[in-house]
Amino acid sequence: MPTVHLTQDEAADDLLSRDPLALLVGMLLDQQVPMEWAFSAPKLLAERMGAQVLSAHDLAAADPGTVEAWFKGPPALHRYPGSMAKRAQALAQALVDTYDGRTEDLWTGVADGRELFKRLSDLPGFGAQKAKIFVALLGKRYEVRPDGWRAAAGDYGEEGAYRSVADIVDAESLQKVRATKQEAKRAAKAAKGS
């Protein structure tokens, strides 16, 4: 079992290490909030569902109002708990419909990195960038490495890079990823202003 250190919270990281759906939900929520908040949310969601691990079947079948209440908290699981509750439930339903609720079947037996990228980018809430980051996360931290996975991950698959959650192994690498993201924002802002 891989050990990840994405949240810097031992219990939340433990769930991410052993529960593929928790990891996928964390990735879904990783937008417009700090990554530690996004990847800590699956642990709180599991607690609110009264479960040790997340279940796609249970999340998909839950009353939408209940799911929204789980996301609203307090504390809220995301800055936009209502819309993210809907996305998480749609994600769970897609997993039930396509993979009988088994998240790991997204990557088990894929022919190559392109197929893995396609499966991920077909999920609700996963665009091209999020799918590339998740391919890199699976390859770098979970040893899911079908042929061509680095190419499918784009720049996020690069060895020794500090571009995304895929490159975080401890507090120091978290700070390096943050610095890279801040520099990219500064460069984009400067390019916009010229």
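The coordinates are above.
Here the structure is a predicted model, which is why all the values come from computation and not from measurement.

Quick notes on the rules
Residues numbered from 1 in each chain as written. Predicted model: local features only at pLDDT ≥ 70, side-chain atom pairs only at ≥ 80, totals over all residues. Heavy atoms only, no water. Phe/Tyr/Trp six-rings, centres within 6.5 Å; stacked < 30°, edge-to-face > 60°. Helix = DSSP H or I, 4+ residues; strand = E, 2+ residues; numbered from the N terminus. Buried < 20%, exposed > 50% of the residue type's maximum accessible area, 1.4 Å probe, protein only. Arc of directions from axis to C-beta. Contact = heavy atoms within 4.5 Å. Polar contact = N/O pair within 3.5 Å; in protein donor to acceptor, adjacent residues only side chain to side chain. Axes fitted to C-alpha atoms, helices over the stretch in contact; angles between N-to-C directions. Parallel < 35°, antiparallel > 145°, perpendicular 65-115°, else oblique. Nonpolar A, V, L, I, M, F, W, Y, C, P; charged D, E, K, R; others polar. 1 Å grid on protein atoms, 1.4 Å probe; cavity = no way out; pocket = protein on both sides within 12 Å on 5 of 7 lines; lining within 4 Å. Points joined across faces, edges and corners; volume = space filled by probe spheres on them.

Chemist: Could you clarify how one ought to interpret the packing of aromatic side chains in this entry?
Modeler: By convention here, two paired aromatic rings are described through the distance between centres and the angle between planes. If you walk through the whole model with that rule in mind, you get two aromatic pairs. Ring geometry for Trp107 and Phe134: centres 6.2 Å apart, planes at 45°, overall tilted. A residue pair is termed long-range when its members are at least 10 positions apart, and Trp107 in the loop between α6 (81-99) and α7 (113-121) and Phe134 in helix α8 (residues 128-142) qualify at 27 residues. With respect to class, Trp107 is no different from Phe134; both count as buried.

Chemist: I keep staring at helix α5 (residues 64-72) and nothing clicks. Help me out?
Modeler: The α-helix winds at 3.6 residues per turn, so residues separated by three or four positions along the chain end up facing the same way. When α5 is considered as a whole, its buried residues turn out to be Val67, Trp70 and Phe71. Across the axial projection of α5, the buried residues extend over an arc of 95°, all falling on one side. In this fold, the buried residues of α5 make contact with α2 (20-29), α3 (35-48), α4 (56-61) and α6. The backbone nitrogen of Gly65 lies 2.9 Å from a side-chain oxygen of the residue at the head of α5, namely Asp63. Following α5 by one or two positions, Gly73 has its phi on the positive side, about 75°.

Chemist: Just checking my understanding: could you explain the packing of helix α1 (residues 10-18) against α3 for this structure?
Modeler: Each pair of packed helices can be described by the angle between their axes along with the distance between the axes. Packing of α1 against α3 brings their axes to within 8 Å, and their N-to-C directions diverge by 90°. The angle between the axes of α1 and α3 places the two elements in the roughly perpendicular class. Across the interface between the two elements, Ala11, Ala12, Leu15 and Leu16 from α1 touch Phe39, Ser40, Pro42, Lys43 and Ala46 from α3. Partitioning the contact of α1 with α3 into residue classes produces seven nonpolar, one polar and one charged.

Chemist: Which parts of the structure should I look at to understand the layout of surface pockets?
Modeler: Over the atoms a probe the size of a water molecule is rolled, and this reveals where empty space is left. Volume-wise, the largest pocket comes out at about 560 Å³. If you trace the largest pocket, you find 19 residues lining it, with Asp30, Met35, Gln129, Lys181 and Lys185 closest to the centre. Counting only elements with at least two residues in the lining of the largest pocket, the list comes to α8 and α10 (171-193). No other element matches the six residues that α10 contributes to the lining of the largest pocket.

Purely geometric numbers; function is a separate question.
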